[in-house]
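# Report on the structure
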Amino acid sequence: MLREIIAIVKKDLKQAKRDPKFLGPSLIIPFAFLLVFTIMWASVGGGESFACGLVIEDTSPEANNMAGIIENMVSTTNHTWFSIERFDLDTADELYRNTELIAYILIPEGFGENITSGQNATVTMFINNANDDIVKNYVHRLEAAVLLFNQGAVYPDFDQSGAPISISESFSLMATPSNAEYMAAVAILLSLIACSLASQAMLTATEFETEALQDTLNSPTPRLALILGRTIAAIPRSFSALLISAPIICFSMNVFPKGNILVLFGILLLTILALVPIGELIGMKIRNREQALLAAVLFTVTGFILGGGMAPIGLSPALIRLGMGILPTTHSLFLWPRVFFSDTLLGLTTSTLYLLGTWIVISAVVIRLMKKEVERT
Amino acid sequence: MISFRVVKASFVKEIRVWRRNPQKIVLVILLPLMFFAGFGGLMGGVYFGSGVETAVVLNEQNPGVYTDGLIEILGEYDPVPPRLDPILMDAETANRLFQNGDILLVITIPDGFEDALTNNESVSIHIQVANIHEDLTKNLRMPVIRKLDIFYQTYLLNDSLADFKMVNLRPFTPPRLAYMAWTLSVYSVMFGAIFAAGSAMTQEFEQETMDELTLSNQSPIAIYTGKMLSGVVISFAAVPFLFILSYLLFGVWPNGEILTFLLLTFLLALFCSGIGIITGAFFRNSVFVVPVAALGGVFYWIVGGGIAPLELVGASFGTFNEYLPVSNVYRSLIRMFVEGGYVTLPIDFLVIGIFAAVFLVISPMIADRVSNLNLGQMVEDAKRRRGRN
């Protein structure tokens, strides 16, 4: 059986060398995603992409404290979302009504007087409510500023120690990766996912089109040898895309793995094992090279988005998370950034077992389909 | 001179091919729906569902009005997302779940919390946040800060003299996910047109029927124009599904006139079909056309304001983006969807109209030229010449 497996591996690798078109989607998809989402985070939600006006009609120390918090609260919010620019009321209102300014905050006259006399003082935000996400982000920012003011945590120290209730925080990672860094890390995995799926789906569909697969299936080669040989061949073939994509992504985005390289390699290997039989299944079911590719691209893109490629799925409702958990890509995307950004082995077992299980179960399904194909022909 | 009979024949043939291959139409419909499901699933976690599962560790041995009040506020429905779904658990379980990545947020209420607040002393609650990336970190931390502010405004009135109010510009705030479905309809037209027209070209190369076409004594330009028009028709396949789905899920239709939508997207489809046949003639293989169409479409969906209405919130498209016809269509349609206004419609209509008209004329010609070039053969010839030298 070993001889047959080696022969199949050699044959598949030769075919991949002769027709390296599978590298197309493996490179186009991750780079395009990376470009698109880097632009997205930079323009619609990263750093200080939107400006917010600040109008101060009160000259009291309290009003100045509030303004200082609003303008400098980066240390508290971590992710600022918008920058603050001071305007007079007429200018801010005109810009706001012309939709040139998304929002402005008004600290009204008498703000300080109210505070010192023990009365409520209200800050008003005028907001362009183009959708509820915008409103959410601006409410959060203003609310955090108001809370800091009430806690007495003013600029520059933001010291909450004298507040009735303060918040102390700890994080799972030493440093918070930016959205673009996260995207860069998962784009490496995306390249491998696209390559594993597309190459195997195209290979199998091509063999159906040329009727080479039927000949192989009808030969005395055991089906297990066939599956194992094809899976082993898929490993270097899938890694070939990473030889190009990984260095480009790492160096251009200045993102390098912090976790154990061997563990990362293991995650990639498990991903290949889980996805190759799925690619085989796509090729066997569709039997047309073009359509098999379409299906593989569709599976890659949706598996990537649904599995948490853009943002971890932790915020999704439990039912949706459960549904997404069926996809092996979800488990790969859970494991990969975890080890990429921290040197940890915690929490890897479930997803590792799931990927191994997927490999075994889908391979068994493929063997069964091969048997049916032989019976049919 | 182009024969309209040939254009029509080519168009009818392509439509027949599409009818014979329902899987391809399914892709045109399914991909935008998948994008919607994907983005909705991810971003929806912030907007719907029971909220972010949050471990609350209660170390307070003698909970009273303040402790119970804080726990109650943490679990209360909040119109501003993300909402929290507090689950009381012991510190060890919470820590294990947090370390394993099964829970992303832990709030610990310390022992002595009640006593400190009763006696006007300071106390600190501790939060553990899975800072996987900036946006997620923001969406986990900010609700806690908001809930604490609500607690201040409810239970610590002497310490919450400052408060705030919001004044909206418009009477109606569109739900973000409905907004995304509306803008994805524009994406679906763009993707559908490039893919359908590109696929109509690549199939001729893949099935080796291109020579038959060019030797058929019919104008290739007329044939390619027919293929282009078939792309325009196919590109609208997903649009009704997206609008109906967004209505069923969020109960809102976009503002504006359907006629304006159809006019702008028809011109966009014409322009994109032109790009599609050139792309198909260049790549000659659907391996490249599918990702180019899908990801090119996503690129413009994002930079055109598909996720956030850039132009409406004062963020500039940028000089480069301002004069690209796809962005013009997004700009006018987004304004129409959200406000029901048409401020930029004349200029945007003019720009996309000019591009559509130009591409209707030049795309078949360029595709004809490109399909006559055999890049592979040229490379081979160059190699042979170098070998000879």
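Only a predicted model underlies this, so the values are computations on that prediction, with no experimental measurement involved.

### With respect to the overall build of chain A
Scanning chain A for helices and strands turns up 15 helices and five strands. The C-alpha atoms of chain A give 28 Å as radius of gyration, which overshoots the globular expectation for 377 residues (21 Å, by more than 25%). For chain A, the C-alpha atoms occupy an extent of roughly 95 × 45 × 40 Å along the three principal directions. Residues counted as buried form 53% of the 377 residues belonging to chain A. Across chain A, contacts joining residues at least 24 apart in sequence account for 81% of those joining residues at least 6 apart.

### Examining the packing of helix α7 (residues 176-206) of chain B against helix α10 (residues 239-250) of chain B
Between two packed helices, the angle of one axis relative to the other and the distance separating the axes together describe the packing. All names here are of chain B. Between α7 and α10, whose axes approach to 9 Å, the crossing angle comes to 175°. On the basis of the axis angle, α7 is roughly antiparallel to α10. Only V239, L242, F243, L245, S246 and F250 of α10 make contact with α7, whose side of the interface consists of L177, A178, A181, W182, L184, S185, S188 and V189. Class assignment for the residues of the contact of α7 with α10 results in eleven nonpolar, three polar and no charged.

### Focus on the packing of helix α11 (residues 261-286) of chain A against helix α14 (residues 328-341) of chain A
All names here are of chain A. Relative orientation of the contacting elements α11 and α14 amounts to 170°, with a least axis distance of 10 Å. One way to sum up the angle between α11 and α14 is to call them roughly antiparallel. Along the contact surface, α11 presents V263, L264, I267, T271, A274 and L275, while α14 presents P328, S332, L335, W336, V339 and F340.

### Regarding the interface of chain B and chain A
Contacts between chain B and chain A engage 91 residues on the former and 94 residues on the latter. No other element matches helix α6 (residues 134-155) of chain B, which puts 13 residues into the side of chain B that touches chain A. Residue classes in the side of chain B that touches chain A are distributed as 54 nonpolar, 24 polar and 13 charged. In the sheet, strand β5 (residues 165-171) of chain A pairs with strand β4 (residues 123-129) of chain B via seven bridges, with the strands oriented parallel.

### Considerations on the environment of Y155 of chain B
Residues and elements named next belong to chain B. Relative to the helices and strands, Y155 resides in helix α6. By C-beta crowding, Y155 is classed as partly exposed, having 17 other C-beta atoms within 10 Å. Sequence-wise, Y155 and L310 are 155 residues apart; in three dimensions their C-alpha atoms are separated by 39 Å. The contact partners of Y155, leaving out residues within four places of it in the chain, are Y66 and G69.

### Brief notes about helix α7 (residues 132-151) of chain A
Residues and elements named next belong to chain A. Over its 20 residues, α7 runs 28 Å from end to end, which matches the ideal 28 Å to within 8%, given 1.5 Å per residue. Judged by how many residues are buried, α7 sits mostly within the fold: 19 of 20 residues are covered. Positive backbone phi, approximately 75°, marks G152, located one or two places after α7.

### A short note on the pairing of strand β3 (residues 103-107) of chain A
All names here are of chain A. By the criterion of burial, β3 is predominantly enclosed, with five of the five residues buried. Where burial is concerned, the two faces of β3 agree: the one with A103, I105 and I107 and the one with Y104 and L106 are both buried. Strand direction decides the pairing type here: β3 and strand β4 (residues 121-127), joined by four bridges, are antiparallel. Bridging from a neighbouring strand, L106 pairs with T124 of β4.

### Brief notes about the pairing of strand β1 (residues 52-58) of chain B
Residues and elements named next belong to chain B. Counting buried residues in β1 gives seven out of seven residues, a clear majority hidden from the surface. Alternating residues of β1 divide into V52, T54, V56 and L58 and E53, A55 and V57, and every residue in both groups is buried. The handedness of the β1 to strand β2 (residues 84-88) crossover, carried by helix α3 (residues 65-75), is right-handed. In the sheet, β1 pairs with strand β3 (residues 105-109) via five bridges, with the strands oriented parallel. Counterpart to L58 in the pairing with β3 is I109.

### A look at the sheet that holds β2 of chain B
Strand order in the open sheet made by the five strands is β5(A)-β4(B)-β3(B)-β1(B)-β2(B), with mixed pairing throughout. Of all the strands in the sheet, just β5 of chain A together with β2 of chain B have a single pairing partner and so form its edges. Between one strand axis and the next, the sheet turns by 25° as a mean value, whatever way the strands run. Set on the sheet, α6 of chain B makes contact with β5 of chain A together with β1, β2, β3 and β4 of chain B; between it and β4 of chain B the angle comes to about 160°.

### Focus: the confidence of the model for chain B
Residues and elements named next belong to chain B. In this model, chain B carries an average pLDDT of 88, and 94% of its residues clear a pLDDT of 70 or more. Here helix α13 (residues 319-322) is the element of chain B with the lowest mean pLDDT, 57, and β3 is the one with the highest, 97. Across the assembled chains, the prediction reports ipTM 0.88 with pTM 0.82.

### Looking at the confidence of the model for chain A
All names here are of chain A. In this model, chain A carries a mean pLDDT of 88, and residues with pLDDT of at least 70 account for 95%. Looking across chain A, the model is least confident in helix α4 (residues 74-77), with a mean pLDDT of 51, and most confident in β4, with 96. Across residues 75-79 the pLDDT falls below 50, and counting only partners more than four positions away or on other chains, this stretch makes 14 contacts in the model.

### So, the nonpolar core
Grouped together as the largest cluster of nonpolar side chains are 240 residues, with contacts concentrated most on M190 and L268 of chain B. The element best represented in this core is helix α8 (residues 179-209) of chain A, accounting for 21 residues. Those residues in contact with M190 of chain B that sit more than four places away from it in its chain are L268, C272, G297, Y300 and V326 of chain B.

Conventions adopted
Residues numbered from 1 in each chain as written. Chains lettered and ligands numbered in written order. Predicted model: local features only at pLDDT ≥ 70, side-chain atom pairs only at ≥ 80, totals over all residues. Helix = DSSP H or I, 4+ residues; strand = E, 2+ residues; numbered from the N terminus. Rg over C-alpha atoms; globule rule 2.2 N^0.38 Å. Buried ≥ 20, exposed ≤ 12 C-beta atoms within 10 Å, placed from the backbone. Contact = placed C-beta atoms within 7 Å. Axes fitted to C-alpha atoms, helices over the stretch in contact; angles between N-to-C directions. Parallel < 35°, antiparallel > 145°, perpendicular 65-115°, else oblique. Nonpolar A, V, L, I, M, F, W, Y, C, P; charged D, E, K, R; others polar. Pairing = 2+ DSSP bridges. Expected span 1.5 Å × (residues − 1). Right-handed = clockwise from strand over helix to strand, strands pointing away. pLDDT = per-residue confidence, 0-100. Core = buried A, V, L, I, M, F, W, Y, C linked by C-beta atoms within 7 Å.

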